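For reference, the chains in residue letters:
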Amino acid sequence: MHTLVQQIRNPQIKRLSPQKEHSVQRLKSLRDSLERTRLKFSLHGGKVMALCLQEGEQVWALNIKKALLSMLQTSRTASKQELQKETDVYGTCNTRYERRGPLLLKNRDLKQCHQSRLANFWPHSVPVTEDTSLQSELHCVQRHGSTVMEEVNCTETVSMATWSRTAGLVKTQTVSVLLLLRAQPGTPSDADSLGPGVLTDLQFEDEGAAGPGRTRSATLQQASQTVRMLCSLSSDPQQRSVLLQLYRSSQEDPEVRIAAYQQLLRCPDQDVFEVVKKMLRNETSSQVGSYVWSHLTNVLRSEDPMKQPLIESLPDDIISRDFEAEFMKYSSYSDHTVSSGMGITNIETSLVFSPKSFLPRSATANLTVYFHGRAHNLLEMDLHVENAEPLLKNMFGHDPSGGESAAQSHSQSKEAKRTRRKTDDGHRGEKETCLSSTSNYLAQAKAMLFGRGRTEENRLKCWLGVKVFGNELSVFTCDDLYNQMNQLSLSAAGLAVKLLKGQEVQVNHRAVLMTEELILPSLSGLPIKLGINMTSLLSLRLKGNINHRDMSHFSLAGYIKPNAHVGLSVRMGVDGALGQAAVDWVSDLTSSTSLEGSIQLQEGRDLRVTLNTPDDIMDIISVSSRVFQLSGDHREEIKGPKSRVQKTTCTPKTWSKMVGWQLCSNTSYPLPATGVFLPPPGPVHLSLRLLKLDRGLHYYLLEAAYSMLLQVQENKDFFLIISHREIYMV
């Protein structure tokens, strides 16, 4: 065991690009940080066993020193070929040594060292096979002298594959050379003069972490152990006994029984399969039976890679009885798998009914994509609704209280008409009418959604959850909706005043769909970073004038301009204190439309609608993709190959002249040598546009006159009778 000291003197730092990303003072500060502290380490058998850090050592400078020591690690025992497990700046993994005359070849498959980092990069994905998204290798040639190593030449290559399954499109390569210029005999006399310091190893330190000696990231084995522990929860004998009891009980609610069945099938065994087969043969609940039957039927023919272990373990006679498969009447499960050049896509849906209602009680959808050996949960939606029948009847104008209430409403409607005529004669102020009507609208909406005088048991209950890439995007309940409507009632009056004054109202919603970052150690000691960010922005602009008395007599004029934007940014390269050298892929999806016009309804009989699209060009949807090369502060777009495909397709002019508009699509992308690549090797633009051909076109006009009669039968069925008198367009 030898104790040595590493010290960097007179470092030379060159600019990454012609741009002046570092000032003279900044460069001097970086050099001082590398020279400031010495690093004491112990060496045994060609391996660095431990490091002793001194106070004031910066993390980025420490990683550079660790990378240099990693290059010096060697094997004293290798004769021809030898495989050793060693720890260096990359982590702990196997190293293959091979002796070729005076040279010693050192090769490392760094993918094994990066397993824990890759697992943490996709926290919401599940490994299915070997991860092929990253290829990382290190090749070194060491030349030993009579007593010390005289030269080390190392090349590191890191390649990231994309959905196109082609590795090497995005690649970083680092070359590092160490030469022995002079050797001084003797032993380092100042090793013992250093302070006690902090004991650590050669592994890369992430900046911003707790510091040397902190707890390392969880390994892949620990992550797998966590999954097994979660699975064992449903395998616990006591919990499994409860789930089996719920599933077997024919007196239990079908929703509860189906939920118990779903939990049992997550980690099943042969005993569970026997129970399922027996219950399916003697099932008395059509809802439970149809769901279990449809689930087993779809799973047995599924091509989903995650379901293959379950398929292999299912008995051949597990389906002991067939059930009805009517989609909108019985509970069901469906599974669809599609395989393409971009990977495998699986879609699961579930619809659960209850005997208490003719409406579904819950619905779920799950979209999973497979690429590079991992299953990624792209989109997950879960909806649960109870006591929604009164809401549906109210939407169609049926009063749940019966014909008496309907007659009373009809009488009140006649009285309201007489009141409106008197109000017309009085010419009351528009603002006062709109403000009072706004409150009435909200009160009616809350009554329709949540009911008047309903008990807590019969009140509308709902729950909706949405996840994108495993990140919870939105979760709300009916109680949240009720609270939002209460807040809306306070601001709706101000909104109405703005519209009456002709002021523009703008509503914006921003969401972060995904933000992930992968940090890998490199041969230079600087971090290689892969960052993925996806955001969305929805914007709605409103402006108009309202003249409103009630739902059967109002006028509305103005415009609406919805806009949407989804941005995706993927960056990979070396990024640290010394600067950056990276590739940045930026992709945008935008939509910008506008519509203006007016709606007039008089006495609930005469309807007049005018519509106009004021812009000569409207981008219904536009997709763009650009790739940039970053070097320090310099940013340059990669144009790609000169050969490109540019195509414009429009609807026939004979059709377009009839409506005054023409729909056109434009595509522009580089022509690849073979296959489809992501990111593309050059700029890509796709758009779908509406072009106004008739510049004399001012608006579309729809006029209609109708009468509506509500009839209520004794059995409380209801009908809407609408008689159209005249409809035409101009």
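Residues numbered from 1 in each chain as written. Predicted model: local features only at pLDDT ≥ 70, side-chain atom pairs only at ≥ 80, totals over all residues. Heavy atoms only, no water.

Q: Could you give an account of the overall build of the protein, with specific residues and numbers?
A: Across its full length, the protein carries 14 helices and 30 strands. Counting every position in the protein, which comprises 730 residues, the buried fraction comes to 38%. In the protein, once contacts between residues fewer than 6 apart in sequence are set aside, the share between residues at least 24 apart is 63%. (Helix = DSSP H or I, 4+ residues; strand = E, 2+ residues; numbered from the N terminus. Buried < 20%, exposed > 50% of the residue type's maximum accessible area, 1.4 Å probe, protein only. Contact = heavy atoms within 4.5 Å.)

Q: Any details on the packing of aromatic side chains? Residues and values, ideally.
A: We describe a pair of aromatic rings using the distance from one ring centre to the other and the angle between the two ring planes. As enumerated under the stated definition, the model contains three aromatic pairs in all. Taking 5.8 Å as the distance between ring centres and 40 degrees as the angle between the ring planes, the aromatic pair formed by Tyr 247 and Tyr 261 counts as tilted. Here Tyr 247, found in helix H5 (residues 237–248), pairs with Tyr 261, found in helix H6 (residues 254–264); they are 14 residues apart in sequence, far enough to count as distant. When sorted by exposure, Tyr 247 lands in the same class as Tyr 261, which is buried. Their ring planes at 75 degrees and their centres at 6.4 Å tell us that Tyr 291 and Tyr 333 sit as a pair that is edge-to-face. With a gap of 42 residues between them, Tyr 291 in helix H8 (residues 286–300) and Tyr 333 in strand E12 (residues 332–340) connect regions that are remote in the sequence. Of the two residues, Tyr 291 and Tyr 333, both sit in the buried class. Taken together, the ring pairs in this structure connect Tyr 247, Tyr 261, Tyr 291 and Tyr 333 into an aromatic cluster. (Phe/Tyr/Trp six-rings, centres within 6.5 Å; stacked < 30°, edge-to-face > 60°.)

Q: An account of the environment of Glu 303 is needed here, citing residue identities and associated values.
A: Tracing the chain through its elements places Glu 303 in the loop between H8 and helix H9 (308–313). Discounting residues that sit within four places of it in the chain, Glu 303 has contacts with Gln 308 and Thr 337.

Q: Explain the pattern of salt bridges residue by residue, including any values.
A: Applying the stated criterion to the full structure yields 25 salt bridges. The partner of Arg 240 in a salt bridge is Asp 269, with the nearest N and O atoms 2.7 Å apart. Residue Arg 240 is found in helix H5, and its partner Asp 269 is found in the loop between H6 and helix H7 (270–281); the two are separated by 29 residues along the sequence. With relative accessibility at 9%, the residue Arg 240 sits in the buried group. Across the pair Asp 584 and Arg 635 runs a salt bridge whose closest N-O atoms are separated by 3.5 Å. Of this pair, Asp 584 sits in strand E21 (residues 579–592) while Arg 635 is found in strand E25 (residues 634–637), placing the two residues 51 residues apart along the sequence. Under the relative-accessibility criterion, Arg 635 is labelled partly exposed at 42%. One network of salt bridges, with partners in common, ties together Asp 304, Lys 307, Asp 335 and Glu 348. (Salt bridge = Lys/Arg side-chain N within 4 Å of Asp/Glu carboxyl O.)

Q: Help me get a handle on the sheet that holds strand E1 (residues 2–6), residues and values and all.
A: An order of E1-E2-E3-E11 is seen for the four strands of this open sheet, with the pairing classed as antiparallel. If you trace the sheet from one side to the other, it starts and ends with E1 and strand E11 (198–200), each paired once. Taking each pair of neighbouring strands and ignoring which way they run, the sheet shows an average axis angle of 30 degrees. With five bridges connecting them, strand E2 (residues 39–44) and strand E3 (residues 47–53) associate as antiparallel partners. Bridge assignment links Phe 41 to a residue of E3, and that residue is Leu 51. (Pairing = 2+ DSSP bridges. Axes fitted to C-alpha atoms, helices over the stretch in contact; angles between N-to-C directions.)

Q: Go over the pairing of strand E15 (residues 374–386), please, and point to the residues and values.
A: Two faces make up the sheet, and in a regular strand the side chains alternate between them. Summarising the sheet, strand E7 (residues 125–127) and E15 pair through three bridges and their orientation is antiparallel. Across the sheet, the residue bridging to Ser 125 is His 376, located in E15. Of the strand pairs in this sheet, strand E14 (residues 360–371) and E15 are connected by ten bridges, and their pairing is antiparallel. By the bridge assignment for E15, Thr 364 is matched with Asp 382. Joining the antiparallel neighbours E14 and E15 is a turn of two residues, in which His 372 adopts a positive phi near 55 degrees. Judged from the eight bridges that link them, E15 and strand E16 (residues 461–468) form a sheet pairing that is antiparallel. What sits directly across from Glu 380, in E16, is Lys 467.

Q: Kindly report on helix H1 (residues 24–36), identifying the contributing residues and their values.
A: With 13 residues, H1 extends 18 Å from end C-alpha to end C-alpha; this agrees with the ideal 18 Å at 1.5 Å per step. Among the residues of H1, those classed as buried are Leu 27, Leu 30, Ser 33 and Leu 34. The buried residues of H1 occupy an angular sector of 120 degrees when the element is viewed end-on, so they sit on one face. Away from its buried face by more than 90 degrees, H1 exposes Val 24 and Gln 25. Next to the buried residues of H1 lie helix H2 (59–72). (Expected span 1.5 Å × (residues − 1). Arc of directions from axis to C-beta.)

Q: How would you sum up the state of the cysteines? Please name residues and give values.
A: Inspection of the entire model under this criterion finds three disulfides. Across the disulfide, Cys 93 is cross-linked to Cys 113 (sulfur-sulfur distance 1.8 Å). The sign of the -65 degrees torsion about the S-S bond sets the Cys 93-Cys 113 disulfide as left-handed. A residue pair is termed long-range when its members are at least 10 positions apart, and Cys 93 in strand E5 (residues 91–100) and Cys 113 in the loop between strand E6 (103–109) and helix H3 (115–121) qualify at 20 residues. (Disulfide = S-S within 2.5 Å.)

Q: Please set out the packing of H6 against H8 residue by residue, giving values where relevant.
A: One can describe the packing of H6 onto H8 by two numbers: an axis separation of 9 Å at closest approach and a directional angle of 25 degrees. Between H6 and H8, the interaxial angle falls into the category roughly parallel. The interaxial crossing formed by H6 with H8 has right-handed handedness. Two secondary-structure elements touch here, H6 through Pro 254, Arg 257, Ile 258, Tyr 261 and Gln 262 and H8 through Gln 287, Val 288, Tyr 291, Val 292, His 295 and Leu 296. When its residues are assigned to classes, the contact of H6 with H8 shows seven nonpolar, three polar and one charged. (Parallel < 35°, antiparallel > 145°, perpendicular 65-115°, else oblique. Left-handed = near helix turned anticlockwise from the far one by under 90°. Nonpolar A, V, L, I, M, F, W, Y, C, P; charged D, E, K, R; others polar.)

Keep in mind that these numbers describe shape and distance, not what the molecule does.
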